[in-house]
Amino acid sequence: MKRREAFRLAVAAPTAGLLAARAAEADARAARALVGLPSPKIVDVKAIATAPSGLRLVVVKLTTDQDGLYGYGCATFTQRADLVVPAVDRYLKPFLVGKPADRIEDTWQALYASSYWRNGPVLNNAISGVDMALWDVKGRQAGLPVYQLLGGKAREAADCYAHASGSEIPEVLDSARALLARGFRHVRVQIGVPGMAGYGSGRGAAPVSALHGAPVFEPRAYMRRALQLFEAARKQLGDEVELLHDVHERVSPTQALGFCKDAEPFRLFFLEDPVAPEDIAWFRLIRQQCATPLAMGELFNSPHEWMPLVTERLIDYIRVHVSQAGGLTPCRKLAALGELHGVKTAWHGPGDVSPVGHACNVALDLACANFGIQEAVSFGDATREVFSGCPELRDGYLYANEAPGWGIELDERAAAKYPFGHGERGERERLNGGWGEIRRRDGTLIKQ
């Protein structure tokens, strides 16, 4: 028996080795075949304009010369959406057609430099649409979701915060309780001032006298109400819930400094945009005088704006709007910069971002070690009619689509049913999707 077993092993060993060698040779042949495939070339680039939820969305579709290989990117700049469409169709398309679709970094740099006048939301959103579309193409080529191309998951899903607002404190707290019941652990709370135009909240019916006919906002009245809200929220919602608040740059820098100090006892998760981008030097004073965590950046479109805040550790969360900054390519670099300086990500994720843009946010959320929080979004029926494969929100977490690329498809026929202007009323309709103005009682303009 021992001799037979020895003979069997002697015969099997070279057979197993031969099979392994053949398998290795087959793998090498497959690898050589893939290397030999021609690089996909860009044959078409177009902007798709749609407003299924009443907010103007711009999505770029980039098509290659390889059958069925294309990608989508978010180029949404709602307030000036009509300008982004020709930026893509008339300027970026002729620059891109014929170029390889697999050289993302080189293409981004070329687009960024080609206009000479760099930065700005119109150009950056147009570039972002192309950039995200190229990442989508790359993911579809590889058969992997984009987060896998960034190194894979650092967590299972993105923890999110949702918005609770109202014209009175009990209304805000009821909204917050409803969100906590749905599984959220982080809630942004916003309160209105009677008769005034507060950010993210109702104004109520109380009249406010003013020297003009525009909506009214008074910073000190707002700050008093907000601090009352924080106190009530802590007492009634408890210490476990993480509270966030957005100042939306509507107070002066000195007022912002005092407000950040006054908010410190309520242990906010973060206080967002205490000053405008033009006043970011004030973060040095704010940081020196209080420990309230700070978030900033949704209006940034240039590294010159975020570099000092991150490298000097003047903020805790970077809130950049990914398409405003130019897409996934620059934002993954920003995330790496933040990781080195202890600044976490909190990408801007409002309703006026397409599902493709939200998918890009989630890819960064999953892959970056210094993820902090993600703004939550829910997609309505009309949006899901246009976009299939949207990221899924469950129990306060946002989950990526596991299909290749972003995992999102866009139905152009459905998109055409919701043209720009669909669902707009009042000021948005009059201003072609844009915002109007808010003033103090005496007529002084308020930034918003």
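Because the structure is a prediction, the values reported are computed rather than measured.

A. Spotlight on the pairing of strand S2 (residues 57-64). With 7 of its 8 residues buried, S2 lies for the most part within the structure. With 8 bridges connecting them, strand S1 (residues 42-50) and S2 associate as antiparallel partners. Its bridge partner being in S2, Lys46 is matched across the sheet by Lys61. Connecting S1 to the antiparallel partner S2 that follows it, the hairpin turn spans 6 residues, and Gly54 within it adopts a positive phi of roughly 85°. Inspection of the sheet shows S2 paired to strand S3 (residues 70-74) by 5 bridges, in the antiparallel sense.

B. Up close: the sheet that holds S2. Taken together, 3 strands build an open sheet; the order of strands is S1-S2-S3 and the sheet is antiparallel. The sheet terminates laterally at S1 and S3, the two strands that pair on one side only. Strand-to-strand twist across the sheet, computed as the mean angle between neighbouring axes with direction ignored, equals 20°. Where helix H2 (residues 81-96) meets the sheet, its contacts fall on S1 and S2, and the angle it forms with S1 comes to roughly 175°.

C. Seen up close, the pattern of salt bridges. For the structure shown, the criterion picks out 26 salt bridges. Ionic pairing is found between Asp44 and Lys93, a salt bridge with its closest N-O pair at 3.2 Å. Placement of Asp44 in strand S1 and of Lys93 in helix H2 is noted, with a sequence separation of 49 residues between them. A salt bridge links Asp239 to Arg267, with the shortest nitrogen-to-oxygen separation between them at 2.7 Å. Note that Asp239 is positioned in the loop between helix H7 (219-237) and strand S6 (242-246) and Arg267 in the loop between helix H8 (253-263) and strand S7 (270-272), a separation of 28 residues in sequence. Each member of the salt-bridge network shares a partner with another, and the members are Glu272, Glu298, Arg319 and Glu375.

D. Region of interest: empty space enclosed by the protein. Counted according to the given criterion, the structure contains 3 cavities of 30 Å³ or more. Contributing to the lining of the largest cavity are Pro145, Val146, Tyr147, Ala359, Val362, Ala363, Gly389, Pro391, Ala400, Asn401, Gly405 and Trp406. When residues of the lining of the largest cavity are traced back to their parent elements, those giving at least two are helix H5 (146-149) and helix H13 (355-367). The dominant element in the lining of the largest cavity, judged by the number of residues it contributes, is H13, at 3 residues. For the lining of the largest cavity, a count of residues per class yields 9 nonpolar, 3 polar and no charged.

E. Expanded view of the confidence of the model for the protein chain. Chain-level statistics for the protein chain give a pLDDT mean of 92 and a share of 91% at 70 or above. Residue range residues 6-16 is modelled with pLDDT below 50. Its contacts to residues more than four positions away, or to other chains, number 0 contacts.

F. Just H2, in detail. Over its 16 residues, H2 extends 21 Å from the first C-alpha to the last, a length consistent with the 22 Å expected when each residue adds 1.5 Å. Along its length, H2 shows its largest kink, about 30°, at Val88. Within H2, the full set of buried residues consists of Ala81, Val84, Val85, Ala87, Val88, Leu92 and Leu96. The inward-facing, buried residues of H2 abut S1, S2, helix H3 (104-114) and helix H4 (121-142). At the exit of H2 stands Gly98, carrying a positive phi of roughly 95°.

G. Spotlight on the packing of H4 against helix H12 (residues 328-341). Where H4 meets H12, the axes come as close as 8 Å, and the angle between the chain directions of the two elements is 85°. Classified by the angle between their axes, H4 and H12 sit roughly perpendicular to one another. From H4, Asp131, Met132 and Trp135 reach across to H12, where they touch Leu328, Thr329 and Arg332. Across the contact of H4 with H12, the residue classes tally to 3 nonpolar, 1 polar and 2 charged.

H. Structural context of unusual backbone geometry. Not every positive phi belongs to a glycine, and Arg267 is a case in point at roughly 50°. The exposure class of Arg267 is partly exposed, given its relative accessible area of 45%.

I. The environment of Arg90, seen in detail. By secondary structure assignment, the location of Arg90 is in helix H2. The class for Arg90 is exposed, based on a relative accessible area of 61%. Once the C-alpha coordinates of Arg90 and Lys46 are considered, the two residues, 44 residues apart in sequence, prove to be 9.3 Å apart.

J. Geometry of the packing of H3 against H12. One way to put it is that H3 packs onto H12 with a least axis distance of 10 Å and a crossing angle of 105°. The pairing of H3 with H12 is recorded here as roughly perpendicular in orientation. From H3, Ile104, Glu105, Trp108 and Gln109 reach across to H12, where they touch Thr329, Pro330 and Lys333. Taken together, the residues of the contact of H3 with H12 break down into 3 nonpolar, 2 polar and 2 charged.

K. Expanded view of the side chain of Asp352. Assignment of secondary structure puts Asp352 in the loop between strand S10 (344-345) and H13. Of the buried charged residues, Asp352 lacks a salt bridge, with Arg428 as the closest side chain of opposite charge at 5.3 Å.

What counts, and where the lines are drawn
Residues numbered from 1 in each chain as written. Predicted model: local features only at pLDDT ≥ 70, side-chain atom pairs only at ≥ 80, totals over all residues. Heavy atoms only, no water. Buried < 20%, exposed > 50% of the residue type's maximum accessible area, 1.4 Å probe, protein only. Helix = DSSP H or I, 4+ residues; strand = E, 2+ residues; numbered from the N terminus. Pairing = 2+ DSSP bridges. Axes fitted to C-alpha atoms, helices over the stretch in contact; angles between N-to-C directions. Contact = heavy atoms within 4.5 Å. Salt bridge = Lys/Arg side-chain N within 4 Å of Asp/Glu carboxyl O. 1 Å grid on protein atoms, 1.4 Å probe; cavity = no way out; pocket = protein on both sides within 12 Å on 5 of 7 lines; lining within 4 Å. Points joined across faces, edges and corners; volume = space filled by probe spheres on them. Nonpolar A, V, L, I, M, F, W, Y, C, P; charged D, E, K, R; others polar. pLDDT = per-residue confidence, 0-100. Expected span 1.5 Å × (residues − 1). Bend = angle between axes of the 7 residues up to and from the residue. Parallel < 35°, antiparallel > 145°, perpendicular 65-115°, else oblique. Lys, Arg positive; Asp, Glu negative; His and termini not counted.

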